[in-house]
Amino acid sequence: MLIMRYNGGLGNQMFQYAAVLTLADKLGVDFAFDMDFFNKRYCRPWGLGIFNVENKEVNGLKYKTLWALRKYLGKKFFDLNVYAEKDFNFEQRFEEIKDNTYIYGFFQSHRYINQDLARKHFSFKVEPDKENALILEDIKNSDSISLHIRRGDYVQKKRYASIYNHLDMKYYNFAMEIIANKVQNPVVYVFSDDIDWAKENLSFKDCPICLKKNARFEFVSHNTGEKSYEDLRLMSNCKHNIIANSSFSWWGAYLNNNPKKIVVAPKKWFQKIENNPSDLYPDDWTVI
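Residues numbered from 1 in each chain as written. Predicted model: local features only at pLDDT ≥ 70, side-chain atom pairs only at ≥ 80, totals over all residues. Heavy atoms only, no water.

1. Comments concerning the overall build of the chain
Here is step 1 of the chain: Each helix and strand counted, the chain has 11 helices and 12 strands in total.
Here is step 2 of the chain: Relative to the 2.2 N^0.38 estimate, which gives 19 Å for 288 residues, the radius of gyration of the chain is 20 Å and therefore close to what a compact globule would have.
Here is step 3 of the chain: The C-alpha extent of the chain, read off along each of the three principal axes, is 65 × 40 × 35 Å.
Here is step 4 of the chain: Considering the chain as a whole, with its 288 residues, one finds that 55% of them fall into the buried category.
Here is step 5 of the chain: Long-range contacts, defined here as pairs at least 24 residues apart, represent 68% of the contacts in the chain between residues at least 6 apart.
Here is step 6 of the chain: Surface accessibility of the chain: about 14,600 Å² in total, with carbon and sulfur atoms responsible for 49%.
Here is step 7 of the chain: Put simply, the chain has 41 plus and 36 minus side-chain charges, and the middle of one group is 4 Å from the middle of the other. (Helix = DSSP H or I, 4+ residues; strand = E, 2+ residues; numbered from the N terminus. Rg over C-alpha atoms; globule rule 2.2 N^0.38 Å. Buried < 20%, exposed > 50% of the residue type's maximum accessible area, 1.4 Å probe, protein only. Contact = heavy atoms within 4.5 Å. Areas by Shrake-Rupley, 256 points an atom, 1.4 Å probe, with all protein chains shown as cover. Lys, Arg positive; Asp, Glu negative; His and termini not counted. Charge placed at Lys NZ, Arg CZ, Asp CG, Glu CD.)

2. Concerning the packing of helix α4 (residues 130-140) against helix α10 (residues 229-237)
A pair of packed helices is characterised by two quantities: the angle between their axes and the separation of those axes.
Here is step 1 of the chain: Contact pair α4 / α10: the axes reach a minimum separation of 9 Å and the direction vectors enclose 15°. Considering their axes alone, α4 and α10 lie roughly parallel with respect to each other. In terms of crossing hand, the pair formed by α4 and α10 is right-handed. Residues Asn 132, Ile 135, Leu 136, Ile 139 and Lys 140 of α4 form the contact with α10, whose participating residues are Glu 230, Arg 233, Leu 234 and Asn 237.
Here is step 2 of the chain: The residue makeup of the contact of α4 with α10, split by class, is four nonpolar, two polar and three charged. (Axes fitted to C-alpha atoms, helices over the stretch in contact; angles between N-to-C directions. Parallel < 35°, antiparallel > 145°, perpendicular 65-115°, else oblique. Left-handed = near helix turned anticlockwise from the far one by under 90°. Nonpolar A, V, L, I, M, F, W, Y, C, P; charged D, E, K, R; others polar.)

3. Digging into the packing of aromatic side chains
Here is step 1 of the chain: Applying the stated rule across the entire model yields 33 aromatic pairs.
Here is step 2 of the chain: Summarising the aromatic geometry, the rings of Tyr 83 and Phe 94 are spaced 5.7 Å apart at their centres and angled 85° between planes, so their arrangement reads as edge-to-face. Within this pair, whereas Tyr 83 is found in strand β5 (residues 80-84), its partner Phe 94 is found in the loop between β5 and β6 (101-104), the two being separated by 11 residues in sequence. Accessibility classification places Tyr 83 together with Phe 94 in one group, the buried group.
Here is step 3 of the chain: Arranged with centres 5.6 Å apart and planes meeting at 50°, the rings of Trp 250 and Trp 285 form a pair that is tilted. One end of the pair, Trp 250, is in helix α11 (residues 247-254); the other, Trp 285, is in the loop between β11 (263-265) and β12 (286-287), and 35 residues separate them in sequence. An identical accessibility class is assigned to Trp 250 and Trp 285; each is buried.
Here is step 4 of the chain: Sitting over the ring of Phe 124, Arg 233 keeps its end group 4.4 Å from the ring centre. (Phe/Tyr/Trp six-rings, centres within 6.5 Å; stacked < 30°, edge-to-face > 60°. Lys NZ or Arg CZ within 6 Å of the ring centre and 35° of its normal.)

4. Description of the environment of Leu 117
Here is step 1 of the chain: Within the fold, Leu 117 resides in helix α3 (residues 115-121).
Here is step 2 of the chain: We classify Leu 117 as buried; its relative accessible area is 18%.
Here is step 3 of the chain: Spatially, the C-alpha atom of Leu 117 lies 21 Å from that of Val 263, the residues being 146 residues apart in sequence.

5. Details of the sheet that holds strand β9 (residues 216-219)
Here is step 1 of the chain: Spatial ordering of the open sheet is given by β9-β8-β7-β10-β11-β12, a layout of six strands whose pairing is parallel. Two strands in the sheet have a free side with no partner beyond their single neighbour: β9 and β12.
Here is step 2 of the chain: With seven bridges connecting them, strand β7 (residues 143-149) and strand β8 (residues 186-192) associate as parallel partners. Pairing of Leu 147 across the sheet is with Val 190, part of β8.
Here is step 3 of the chain: Seen against the sheet, helix α7 (residues 169-180) touches β7, β8, β9, β10 (240-242), β11 and β12 and runs at an angle of roughly 165° to β10. (Pairing = 2+ DSSP bridges.)

6. Description of the pairing of β6
Here is step 1 of the chain: Of the two faces of β6, the one carrying Thr 101 and Ile 103 and the one carrying Tyr 102 and Tyr 104 are both buried.
Here is step 2 of the chain: Where strand β1 (residues 2-5) and β6 come together, three bridges link them in parallel fashion. Among the inter-strand pairings, Ile 3 is bridged to a residue of β6, identified as Tyr 102.

7. Quick word on the side chain of Asn 241
Here is step 1 of the chain: Along the chain, Asn 241 falls in strand β10.
Here is step 2 of the chain: Classification of Asn 241 by relative accessible area gives buried; the value is 0%.
Here is step 3 of the chain: A distance of 3.0 Å separates a polar side-chain atom of Asn 241 from the backbone oxygen of Met 235.
Here is step 4 of the chain: Once you skip the residues sitting within four places of it in the chain, Asn 241 turns out to touch Ser 146, Ile 179, Met 235, Gly 252, Ala 253, Asn 256, Ile 262, Val 263 and Val 264. (Polar contact = N/O pair within 3.5 Å; in protein donor to acceptor, adjacent residues only side chain to side chain.)

8. As for the pattern of salt bridges
Here is step 1 of the chain: Tallying each qualifying case throughout the model produces 12 salt bridges.
Here is step 2 of the chain: Arg 111 is paired through a salt bridge with Asp 279; the nearest N and O atoms lie 3.5 Å apart. Placement of Arg 111 in the loop between β6 and α3 and of Asp 279 in the loop between β11 and β12 is noted, with a sequence separation of 168 residues between them.
Here is step 3 of the chain: Among the residues examined, Arg 111 registers a relative accessible area of 41% and is labelled partly exposed.
Here is step 4 of the chain: We note a salt bridge from Glu 230 to Lys 227, for which the minimum N-O separation is 3.9 Å. (Salt bridge = Lys/Arg side-chain N within 4 Å of Asp/Glu carboxyl O.)

Quick look at the structure:
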């Protein structure tokens, strides 16, 4: 059995699940999760219950001890192999993992993932409510473009503000121009954890082709709290996607099954250039 330790918010959990799912399928073995991250010390809840996923859980003193001693361990812990991610980019040695391994890391690369398997497991358990169903219908019947802006902890918490790149309007204007040039009637659906800021700062004045084609914004602001995952469903159903340096919008674009989709993504994910990923995006995404 492979054991993955969960860590982080919904987007990170999806990366971890998809990575171990793909590896377990390749090896022909079962997999389970160390869920200790979701105890009362942390504010991030387990979020994958919205999907049709398997969630076998392991717990006990052995795993708590392993995690507490992780900085001092080698490749073995009693009867378990231990795999610790060392680099943000894809690690070839991940493919050498054998059965009976405890795994931890973020695994934020499309190269870890079997897309067909991920799409199968990340299908939503419940239908959208009435309000989201109406928006979903409009999205499916228009030249819809999702645009995601993440602010929140990226600007409010010093720890994150010093790590993650702050995307400016130049990035979003260029991204809108790229897609608007290739569609007839662009409708930009805006998703953000700071929708008021988005309303104040987004415009088409620096996107001439958007003005020429009478593009319009639709700001989606009602999916908050426990319903925030509905934004992921809506983003994944847009024809095209403009993502932030956020695993949440990465998955919105990745789960988009439009064969002609255009996905625009930021080249700079982190503040420090040397930390920026080279394996995060599929080859057919436009990185600017």
